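# Notes for the structure review
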Amino acid sequence: MSGFSLRLLALLLIWTSSVIADAAGAVSPERGAGRSQRRGGGSEKRRRLHRIQHGQCSYTFLLPELDACQRAGAGAGAGSRAGSSFVQRDSPPGAEWSAQKLQQLESTMENNTQWLQKLEHFIQKSVRPNLGSAAAHVVHNQTAAMLEMGTTLLTHTAEQTRKLSAVEAQVLNHTSRMEIQLLESSLSTSKLEKELLLQTSEISRLRDRNSRLESKVQVLESRQRGELEDMRQDKNRLQSVVRTQVAAIASLERQLRAASSNNTALQRQQAQLMESVHSLINMVASSTGSPPRVHMWRDCADAYKAGHSLSGLYHIYIGNKTEPVQVYCDMETGGGGWTVFQRRLNGSVDFQRSWREYRTGFGDVSGEHWLGNEALHLLSSQDQYSLRVELLDWEGNQAHSQYDRFTLGSEQQQYRLYLRGHSGTAGRQSSLVTHGTGFSTRDQDNDNCDHCKCALMLSGGWWFDACGFSNLNGIYYTIGHNIRKLNGIKWHHFRGPSYSLHSTSMMLRPYDF
């Protein structure tokens, strides 16, 4: 109520000022007429409406028209001069109305002053009782509003503080992680730099070494070229020598064939003489009555058939020889009757022999020995024989290989070996070459290796072929030294190519025994 009264008072004051201003404009008719001429219809409209802006509110007042004011002035006369409180028109049409208008303004001002006094008195009476309570109520409302705003502000501040703390913690964590990652990256970088320096130094060292090696290789290449040239010259010389030797060997072979034919004739004559001697011995024995028992066994199988079942030394007559040959007979292994021509027991006999020694034989018949290639050839020529090879390793394991057919060529045929029908426990395959391999020694190379001499590399005399899978005449190695020995006593399909065996024996027996 008090606020509304104050607003109303202010509006009346503003309206009064507006009316006074309009009246002042009407006092000077010249200026009024000139202004009316300049403004035209717009001033006419301003006299009818008056708008006042107060704060955010706008107030519009409707003013009386001029014609109505004139008519009212003419009809009222002295009544208006007697103190009536009505509003006259705000601007007379001419100068003759100035005195009358001033009187009207004075009366109007008096009326307004009275109304203002009454309004002020009314406002004072209505506002005073409620002023204290209104002020307290306003203070209370403002205090509550400020407390509410303070609480809201504190709550918002606490929330913002919490969020700020969380953000700060996240920033600190992220910063710590970034610092740790930066430290790790720095350490990794340092480590990589050290490794790079080491690699660089190693590369430099390798380059230096490579340059030295290149120089050495160049020196070796030049030396090798010189050696190759010398070897070519030696090869040419050797080829000429070989051609000469081949021609000499062909001549010797012709002479040997002629001598062999003569030898065959002599052997027939010896056989005839032996028959004559035997017939004479029989005649003498029949005349005296005490005939001696003469045994003419061709091999150990004949002795076994004659009733001799003990292994040991026997004398046999091989081929047309008049002199008996002492051999060791194995009367127990595989049914007995075996004529032994090779034995390795303890390394007491050296098997690194020449071609001539392997042809005639060497060693102790009761121990380690080789019967001789010539006797072996004559023995295999008088009948069809089988071969048996007995093997024993250093762990006590025994094995054997047996061949149904065994044939050995003559010396002119390089004592070539022919075998058929392999069986036994010393491997599913044959470690001996069966297709006719020549016998080789250190002084006569008959193997099938073009650029090597197997008898020199693997030692001993044997049917090497291209150095092959076996050599029972190699170097004898004792236990502990028999591993990884390519030149030892080996049988590939029994214990491998580099295991040297403990003992071996090779023996013959007629196929139809």
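All of these numbers come straight from a predicted model, not from anything done at the bench. (Residues numbered from 1 in each chain as written. Predicted model: local features only at pLDDT ≥ 70, side-chain atom pairs only at ≥ 80, totals over all residues. Heavy atoms only, no water.)

This paragraph deals with unusual backbone geometry. Of note, Ser459 is a non-glycine position whose phi angle comes to about 70°, a positive value. Locating Ser459 in the fold gives a position in the loop between α10 (454–458) and β12 (470–471). Even without being glycine, Cys467 reaches a positive phi, approximately 75°. Here Cys467 shows up in the loop between α10 and β12. (Helix = DSSP H or I, 4+ residues; strand = E, 2+ residues; numbered from the N terminus.)

What follows covers the pairing of strand β5 (residues 338–344). Of all 7 residues that make up β5, 7 are buried, and the element is covered over most of its length. Sheet topology note: the strand β4 (residues 325–330)/β5 ladder contains 3 bridges and is antiparallel. Bridge pairing links Cys329 to Thr339 in β5. The pairing of β5 with strand β14 (residues 503–510) spans 5 bridges and is classified as antiparallel. Its bridge partner being in β14, Thr339 is matched across the sheet by Leu508. As judged from the 2 bridges shared by β5 and strand β7 (residues 369–370), these two strands associate in the antiparallel manner. When the bridges of β7 are listed, Gln342 appears paired with Trp370. (Buried < 20%, exposed > 50% of the residue type's maximum accessible area, 1.4 Å probe, protein only. Pairing = 2+ DSSP bridges.)

A few words now on the state of the cysteines. Within this structure, the stated rule accounts for 3 disulfides. Two residues, Cys300 and Cys329, share a disulfide whose sulfurs are 1.7 Å apart. On the sign convention where negative means left-handed, the S-S torsion of about -70° between Cys300 and Cys329 marks this disulfide as left-handed. In this pair, Cys300 is assigned in helix α7 (residues 300–305) and Cys329 in strand β4, connecting sequence segments 29 residues apart. Considered together, Cys300 and Cys329 belong to a single accessibility category, that of buried residues. Here Cys454 pairs with Cys467 through a disulfide, and the sulfurs are 2.0 Å apart. (Disulfide = S-S within 2.5 Å.)

This next bit is on the pairing of strand β8 (residues 385–392). Of all the 8 residues making up β8, 8 are buried; the element is thus mostly covered by neighbouring parts of the structure. Alternating residues of β8 divide into Tyr385, Leu387, Val389 and Leu391 and Ser386, Arg388, Glu390 and Leu392, and every residue in both groups is buried. As paired elements, β8 and β14 share 8 bridges and run antiparallel to each other. Counted as the bridge partner of Leu392 is Ser503 from β14.

Time to look at the packing of aromatic side chains. One pass over the full model with this rule turns up 15 aromatic pairs. Each ring, one from Phe351 and one from Phe362, has its centre 5.1 Å from the other, and the planes form 75°; the classification is edge-to-face. Note that Phe351 is positioned in the loop between β5 and α8 (355–360) and Phe362 in strand β6 (residues 362–363), a separation of 11 residues in sequence. Phe362 shares its class with Phe351; the two are buried. Relative to Tyr476, the ring of Trp394 lies with its centre 6.2 Å away and its plane at 70°, an arrangement referred to as edge-to-face. Within this pair, whereas Trp394 is found in the loop between β8 and β9 (398–408), its partner Tyr476 is found in the loop between β12 and β13 (490–491), the two being separated by 82 residues in sequence. Summarising the burial analysis for this pair, Trp394 and Tyr476 share the class buried. Within the aromatic cluster, the residues linked to one another by ring pairs are Phe341, Phe351, Trp355, Tyr358, Phe362, Trp370, Phe406, Tyr415, Phe439, Trp462 and Trp463. Lying over the aromatic face of Phe351, Arg344 brings its terminal NZ or CZ to 4.0 Å of the ring centre. (Phe/Tyr/Trp six-rings, centres within 6.5 Å; stacked < 30°, edge-to-face > 60°. Lys NZ or Arg CZ within 6 Å of the ring centre and 35° of its normal.)

Among the secondary structure elements, Ser500 is positioned in the loop between α11 (492–495) and β14. You can call Ser500 buried: its relative accessible area is 0%. A distance of 3.1 Å separates the side chain of Ser500 from the backbone nitrogen of Ile489, its partner in a polar contact. Ignoring anything within four residues of it in the chain, the contact list for Ser500 reads Trp394, Ile475, Tyr477, Asn482, Gly488 and Ile489. (Polar contact = N/O pair within 3.5 Å; in protein donor to acceptor, adjacent residues only side chain to side chain. Contact = heavy atoms within 4.5 Å.)

This brings us to the confidence of the model for the protein chain. Residue-level pLDDT values for the protein chain average 79, and 72% of them are 70 or greater. Below pLDDT 50 for its whole length, residues 26–46 participates in 11 contacts with residues either more than four positions away or in separate chains. Every residue in residues 289–293 scores below 50 in pLDDT, and together they form 3 contacts with partners more than four places removed in sequence or on other chains. (pLDDT = per-residue confidence, 0-100.)

With that settled, consider the nonpolar core. Core analysis: the biggest nonpolar cluster contains 53 residues, and Leu387, Leu432, Trp463 and Trp491 have the highest contact counts within it. If we skip the residues at most four places from it in the chain, Trp463 touches Trp370, Leu408, Tyr415, Leu417, Leu432, Thr437, Gly438, Phe439 and Met506. (Core = buried A, V, L, I, M, F, W, Y, C linked by side-chain atoms within 4.5 Å.)

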